[in-house]
Amino acid sequence: MNIIVLLKQVPDTTAKISISSGYMDESTITKWSMSPYDEFALESALQLRQNCNGNLIAITCGPDRCSKMLTDAAAVGTDKLIHIHHEGYLDSIQTQTLLVAAIKKFEGEVIMCGKQAADTNSGSTGPGVAELIGASCITHVSEVKYENEELIATRLNSLGFEIISTSPPSIFAFDKGVKELRRPNVRGIMMAKKKEITRLTPEDLGVSLTNSNINLISQMPPSEKAPGKKYEGTDSIREIVSKLRDEANVI
Amino acid sequence: MITIIAENSGNILHPVTSQLVNAAISIGSSAHVICPGGIGAVEATKITGVNKVTSVLGDCFKIFDGSAWAEAINSSIDDDSNVIFTSATSQGRELGAIIAAKRKVPIIQDAISLDSTIKVTRTIYSGKALEEIQSSSKCVITIRPNSFDSAPQGNNAQLNTVDKSADLRISVKEAIVKASERLDVSEADIIISGGRGMGSIDNFAELESLADILGAAVGASRAVVDEWGMSHTMQVGQTGKTVTPSLYIAVGISGAIQHLAGMRSSNYIVAINKDEDAPIFNVADYGIVASWEDALPVLKEELSKL
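Positions within a chain are numbered from 1, following the residues in the order the chain's sequence is written. Each chain is given a letter, starting from A, and each ligand a number, starting from 1, according to the order in which they appear as written. At least 70 in pLDDT is required for a residue's local features to be given in this predicted model, at least 80 for side-chain atom pairs to be given and counted, and no such filter applies to totals for whole chains, interfaces and linings, which use all residues.

Side note on the sheet that holds strand 15 (residues 247-251) of chain B
Item 1. A pair of strands is treated as paired once DSSP finds two or more bridges between them. For the purposes of this entry, the term helix denotes a DSSP run of H or I that reaches at least four residues, the term strand denotes a run of E that reaches at least two, and both are numbered from the N terminus. As summarised here, the arrangement of the 6 strands in space is 15(A)-17(B)-16(B)-15(B)-13(B)-14(B), forming an open sheet in which the pairing is parallel. Each edge of the sheet is formed by a strand with only one pairing partner; in this case those strands are strand 15 (229-232) of chain A together with strand 14 (217-220) of chain B. When the angles between neighbouring strand axes are averaged without regard to direction, this sheet yields 20 degrees.
Item 2. As defined by bridge partners, strand 16 (residues 268-273) of chain B adjoins strand 17 (residues 286-289) of chain B across 4 bridges and the pair is classed as parallel. Opposite B:Val270, over in strand 17 of chain B, you have B:Tyr286 as the bridge partner.
Item 3. By the criterion used throughout, residues are in contact when their C-beta atoms, derived from the backbone, lie within 7 Å. For helices, the axis comes from a line fit to the C-alpha atoms of the stretch in contact; other axes are also lines fit to C-alpha atoms, and the angle between any two N-to-C directions lies between 0 and 180 degrees. Helix 5 (residues 204-214) of chain B contacts strand 13 (190-194), strand 14 and strand 15 of chain B of the sheet and is inclined by roughly 170 degrees relative to strand 13 of chain B.

Encoded structure:
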């Protein structure tokens, strides 16, 4: 079975985001990482591969810097690395169209991704790709197993969780699971450095991108609040509660 | 006209649906509300600004399968509808993304404001920055709960019923409901969150009793989720939920950049921490430098008097 994991490289969650001339300034980002929910998807994909004796392919779409993340995915055991090379803004349907073309080219049957990326926080890719390839779609997944030719997933919801069964082709968008993420060992890291990355352009995939109808006007820092008041000890609590009630009107 | 896919919560209309209608009104549009499975359809006809309600009835609505739902409701969406709204809840985001892909249009997720030129403001990097984006064509927009007030009641819109189902691609073998049915942090108006400073998971009982007084949800920092096994659904921050309640009370949370990203847009922030240099105080409207053991009983007493 061909398992595909969709990965995105984002500024590390510890990074400070700086804005310059109305847009996020990428040059100030010193550390780029795999988007955290994608790490859970990758770990689950590695386990599923073992479970069903499959083949694991990682696909990313983005500029040159993303290759490093693919190498990181190889260091923990990913079989094949695909880098769809693209610089600049892509809207949801453009991103999905590129990924779908690659998924079809490499005949993915089970596709895994994070429930949302840590940069855009959107969560459109998994469900959108599912629709475009005609796969079943399960989001907020914490675990997937292959049993009796069925895929069994744990889907989280606000009340608890559900055990869902489906059959391929399927897409699973991962939430944070309970399991530990594996870390690469020295041999894995050395082998990964030699691993070939297949670079594809949109044209290679037969996709001609037209202009997006979404215009990114500007990015900005969050509005700074006026500095608050700090009180020593608990004597102030009565005053704070009355301010929250009478001035702020929130309780 | 804007088409709105209603959100349900169990067997009733979710309050966010009325907020989506108000968002449509605010940009000078009327609303066609589609109720998957017919849930809340009669209630939806009473919301001011609703032009018509379509109740789509089918077997597929018994469980949530975004693909099947989108297939069943797609033909009820008006072709002249330039914008489709769903709520930026987990169901609404998935359903919105599938509908957008089905109609080959882009989706803008998690709008916190928008204007009549379809210029949308949304948070990125989990609240570390904002962006303004504009759509010049048909699109789907998901709107974050509580970004708009509810529309007033007092309407009597036309209600149509359509029988339409679609093949389910998934089946639910088992549904497990956890014993505690606390308010979800992403929907709560008041959140009380605890961090490592609470000392142990058992001490969260103190936060829960305070939450009961206020009708608040209980949240947690990443450390508590990762190290003490607290449910991830409670996690506030970059790998958890981004929240914007009216009041956020942080107890024993130092305020790592990832946590601040997820809660700094709250209207009012109260921080309780015994370390006076904790970064959480930089975003707090009211900072209380004290241990939770000292502060919570006093806070509880004062709140009980209200």
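Notes on the interface of chain B and chain A
Item 1. In this assembly, 75 residues from chain B lie in contact with 69 residues from chain A.
Item 2. A breakdown of the residues in the side of chain B that touches chain A according to their chemical character gives 34 nonpolar, 22 polar and 19 charged. Each residue is assigned to one class: nonpolar for Ala, Val, Leu, Ile, Met, Phe, Trp, Tyr, Cys and Pro, charged for Asp, Glu, Lys and Arg, and polar for all the others, Gly among them.

As for the domain arrangement of chain B
Residue and element names in this part refer to chain B.
Item 1. Domain ranges listed in this record stem from an automatic or a database domain assignment. As far as domains go, chain B holds domain 1 (2-163) and domain 2 (190-304).
Item 2. One C-alpha centre belongs to domain 1, the other to domain 2, and the line joining them spans 32 Å.
Item 3. The interface is formed by 6 residues belonging to domain 1 together with 7 residues belonging to domain 2.
Item 4. Here the residues of the side of domain 1 that touches domain 2 sort into 1 nonpolar, 4 polar and 1 charged.

A closer look at the confidence of the model for chain B
Item 1. Every residue gets a pLDDT, meaning the predictor's confidence in that residue, from 0 to 100. In this model, chain B carries a mean pLDDT of 95, and residues with pLDDT of at least 70 account for 99%.
Item 2. In the model output, the complex is listed with pTM 0.92 alongside ipTM 0.94.

Side note on the sheet that holds strand 13 (residues 197-200) of chain A
Item 1. Within the open sheet, the 10 strands sit side by side as 13(A)-7(A)-6(A)-1(A)-8(A)-12(A)-9(A)-10(A)-11(A)-12(B). Their pairing is mixed. Of all the strands in the sheet, the pair left with one neighbour each is strand 13 of chain A together with strand 12 (170-177) of chain B. Averaged over all pairs of adjacent strands, the angle between their axes in this sheet comes to 30 degrees, without regard to strand direction.
Item 2. Sheet topology note: the strand 6 (residues 55-62) of chain A/strand 7 (residues 80-85) of chain A ladder contains 6 bridges and is parallel.

Focus on helix 8 (residues 292-304) of chain B
Item 1. Here, expected helix span is obtained from the residue count minus one, scaled by 1.5 Å. With 13 residues, helix 8 of chain B extends 17 Å between its outermost C-alpha atoms, agreeing within 8% with the 18 Å of an ideal straight helix rising 1.5 Å per residue.
Item 2. Taken residue by residue, helix 8 of chain B has B:Trp292, B:Ala295, B:Leu296 and B:Leu299 as its buried positions. Looking down the long axis of helix 8 of chain B, one finds its buried residues gathered within 95 degrees of arc, a one-sided arrangement. Turned more than 90 degrees away from the buried face of helix 8 of chain B, the exposed residues are B:Glu301 and B:Ser304.
Item 3. Each element contacted by the buried residues of helix 8 of chain B is listed here: helix 6 (237-246) of chain A together with helix 5, strand 15, strand 16 and strand 17 of chain B. Put simply, a residue is buried when 20 or more other C-beta atoms lie within 10 Å of its own C-beta and exposed when 12 or fewer do; between those, it is partly exposed, and each C-beta is set from the backbone. Working note: the arc is built from the helix axis to C-beta atom directions.

Concerning helix 3 (residues 92-105) of chain A
Residue and element names in this part refer to chain A.
Item 1. With 14 residues, helix 3 extends 20 Å between its outermost C-alpha atoms, agreeing within 8% with the 20 Å of an ideal straight helix rising 1.5 Å per residue.
Item 2. Across the 14 residues of helix 3, 11 count as buried, placing the element largely inside the fold.
Item 3. All of the buried residues in helix 3 are Ser 92, Ile 93, Gln 94, Thr 95, Gln 96, Thr 97, Leu 98, Leu 99, Val 100, Ala 102 and Ile 103.
Item 4. Where helix 3 terminates, the next one or two residues include Glu 107, which has phi positive at roughly 50 degrees.

A short note on the pairing of strand 16 of chain B
Residue and element names in this part refer to chain B.
Item 1. Judged by how many residues are buried, strand 16 sits mostly within the fold: 6 of 6 residues are covered.
Item 2. On strand 16, burial covers both faces: Tyr 268, Val 270 and Ile 272 on one face and Ile 269, Ala 271 and Asn 273 on the other are all buried.
Item 3. Note on handedness: a crossover is taken as right-handed if, strands pointing away from the viewer, the path from the first strand over the helix to the second is clockwise. Since strand 15 and strand 16 lie parallel, the crossover through helix 7 (residues 257-263) that links them has a hand, and here it is right-handed.

Some details on the nonpolar core
Item 1. Put simply, a nonpolar core is buried Ala, Val, Leu, Ile, Met, Phe, Trp, Tyr and Cys residues tied into one set by C-beta atoms within 7 Å. Counting residues in hydrophobic clusters, the biggest one holds 107 residues, and the most contacted among them are A:Val5, A:Ile111, A:Met112, B:Ile4, B:Val33, B:Phe85 and B:Ile141.
Item 2. With 7 residues, the top contributor of residues to this core is helix 1 (residues 36-52) of chain A.
Item 3. Sequence-distant contacts of B:Ile141, defined by excluding residues within four places in its chain, comprise B:Val83, B:Phe85, B:Ile108, B:Ala111, B:Leu114 and B:Val120.
Item 4. B:Met198, B:Ile253, B:Ile288 and B:Trp292 belong to the second largest nonpolar core, which has 58 residues in total.

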